[in-house]
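Next come the chains, spelled out residue by residue.
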Amino acid sequence: MSARVAGRVYRGIQPVAGDRALAAEDANIPVVEAILPRESVLQRTVPLGRSTQIIASNVDIVLAICSLHQPDFSHGFLCRALVAARWRKLRAVVVLNKMDLCLSGEDRTLLAGILSVYEGAGYTVFQTSTSTGRGTGELMKHIRGSTVVMAGPSGAGKTSLAKRYIPALDVRIGSVNPKTSKGRHTTVTARMIPLGSETFLIDTPGLKMFSIEHVPREELQFCFPEFDEYLGRCRFRDCLHISEPGCGVKGAVELGSISGIRYGMYEAFMREAEGQQGNYLSAPSER
Ligand SMILES: Nc1nc2c(ncn2[C@@H]2O[C@H](COP(=O)(O)OP(=O)(O)OP(=O)(O)O)[C@@H](O)[C@H]2O)c(=O)[nH]1
Ligand SMILES: [Mg+2]
Ligand SMILES: [Zn+2]
């Protein structure tokens, strides 16, 4: 159903997918008079603009969706999306889509590495293919009854997943540029799609990078759930787990209890937050 938004609403707040609104009926077209307070939001920093953008509101779960190839998997993208979700206290799960393209021995090694990093960090990882339907039923069981926002690079298959669940959905599916393996930014606005009466899936435009500059530097350590049990074990109470002696987090990395790739991401985000390395560099340990 479409609605008109009263001009004064825009002066206070920009409506986003997931918002709940008070609406009045005007010549059969609902007119949004007010946006109700948001219970939760997923937000990102707008690259270069230094402002933040609320991607969706009132969500229960963030589906951080990516693929091994077309586009290529990026720890940087995935870890940023997971940080953004956790900073807003949103539950996140990882969806590895396009599993039908994961055929070679090299792919299986890559997959095993990714699973060990993210499952080791406590995340549930779903392996799906919107082409064959693999894993999409299991994913549906997990999200049933929730409002879910998809976040991922362009071309990962977000809209294709929505269409797998609602085949009659009138949406555009893009393609992936064969030269660059990147998507073509087909979806341009976020949209909430009802999947049954109590499950809602928010499709979003693919991002080049999920920027998290809005997350304060000292709070990044709390956005890596696997750090939690080690945070109290540092010699210094204000340890930021970079170069301080007697650091519990670094000790756990050395013992292999925390993945070196995830810790490398933490270090990179801390450096970025300090502004030493400019913005949006990929982390040194990214493979
Ligand atoms: N092989 C394969 N291709 C897929 C799968 N899912 C999506 N695709 C293809 O990937 C391309 C991009 O799919 P979209 O669903 O438009 O991707 P998106 O994430 O919505 O992209 P944006 O809207 O640009 O953010 C299309 O050519 C799809 O057919 C999959 O599971 N396997
Ligand atoms: Mg799309
Ligand atoms: Zn420490």
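Let me sum up the structure you'll find in this document.

On to the site of ligand 1. Near ligand 1 there are 23 residues, and of these Asp-100, Thr-130, Ser-154, Lys-158 and Ser-160 occur at the shortest range. Within the contact set of ligand 1, an oxygen atom lies 2.5 Å away from a side-chain nitrogen or oxygen of Ser-160. For ligand 1, whose unbound accessible area comes to 650 Å², protein coverage reaches 87%. Along the lines of polarity and charge, the residues of the shell around ligand 1 split into five nonpolar, 15 polar and three charged.

Before going further, it helps to examine the sheet that holds strand E8 (residues 125–127). Reading across the sheet, the six strands line up as E8-E7-E6-E9-E11-E10 and stay open at both edges, with mixed pairing between neighbours. Strands at the two margins of the open sheet, each flanked by one partner only, are E8 and strand E10 (191–194). Taken pair by pair, the neighbouring strands of this sheet meet at an average axis angle of 25°, ignoring direction. Taken together, the seven bridges between strand E6 (residues 61–67) and strand E7 (residues 91–97) define a ladder with parallel strand orientation. Following the sheet pairing, Cys-66 is matched in E7 by Leu-96. Its contacts with the sheet place helix H3 (residues 105–120) against E7 and E8, and it is angled at close to 150° to E8.

Take the coordination of the zinc ion (ligand 3) next. A metal bound by six donors in octahedral fashion has ideal angles of 90 or 180 degrees, whereas one bound by four tetrahedral donors has an ideal angle of 109.5 degrees. For the zinc ion (ligand 3), the full set of protein donor atoms is Cys-234 (SG), Cys-239 (SG), His-241 (ND1) and Cys-247 (SG), and the range of their distances to it is 2.1 to 2.4 Å. What the four donor atoms of the zinc ion (ligand 3) show is an angle range of 102 to 116° at the metal, which sorts the shape as tetrahedral. Within one chain, the residues donating to the zinc ion (ligand 3) are spaced in sequence as C-x4-C-x1-H-x5-C. Of this pair, Cys-234 sits in the loop between strand E11 (200–203) and helix H6 (248–254) while Cys-247 is found in the loop between E11 and H6, placing the two residues 13 residues apart along the sequence. Looking at Cys-234, the relative accessible area reads 11%, which means it is buried.

So, about the coordination of the magnesium ion (ligand 2). Surrounding the magnesium ion (ligand 2) are the protein donor atoms Thr-159 (OG1) and Thr-187 (OG1), at 1.9 to 2.0 Å. One end of the pair, Thr-159, is in helix H5 (residues 158–165); the other, Thr-187, is in the loop between H5 and E10, and 28 residues separate them in sequence. Judged on exposure class, the residue Thr-159 and its partner Thr-187 are both buried.

Okay, the side chain of Asp-107 next. You can see Asp-107 is positioned in helix H3. Excluding residues within four positions of it along the chain, Asp-107 makes contact with Leu-68, His-69, Leu-101 and Cys-102.

Rules used in this analysis
- Residues numbered from 1 in each chain as written.
- Chains lettered and ligands numbered in written order.
- Predicted model: local features only at pLDDT ≥ 70, side-chain atom pairs only at ≥ 80, totals over all residues.
- Heavy atoms only, no water.
- Near = heavy atom within 4 Å.
- Polar contact = N/O pair within 3.5 Å; in protein donor to acceptor, adjacent residues only side chain to side chain.
- Areas by Shrake-Rupley, 256 points an atom, 1.4 Å probe, with all protein chains shown as cover.
- Nonpolar A, V, L, I, M, F, W, Y, C, P; charged D, E, K, R; others polar.
- Pairing = 2+ DSSP bridges.
- Helix = DSSP H or I, 4+ residues; strand = E, 2+ residues; numbered from the N terminus.
- Axes fitted to C-alpha atoms, helices over the stretch in contact; angles between N-to-C directions.
- Contact = heavy atoms within 4.5 Å.
- Donors = N, O, S within 2.8 Å, 3.2 Å for Na, K, Ca; no water.
- Tetrahedral: all angles 85-135°; square planar, octahedral: opposite > 155°, others 65-115°.
- Buried < 20%, exposed > 50% of the residue type's maximum accessible area, 1.4 Å probe, protein only.

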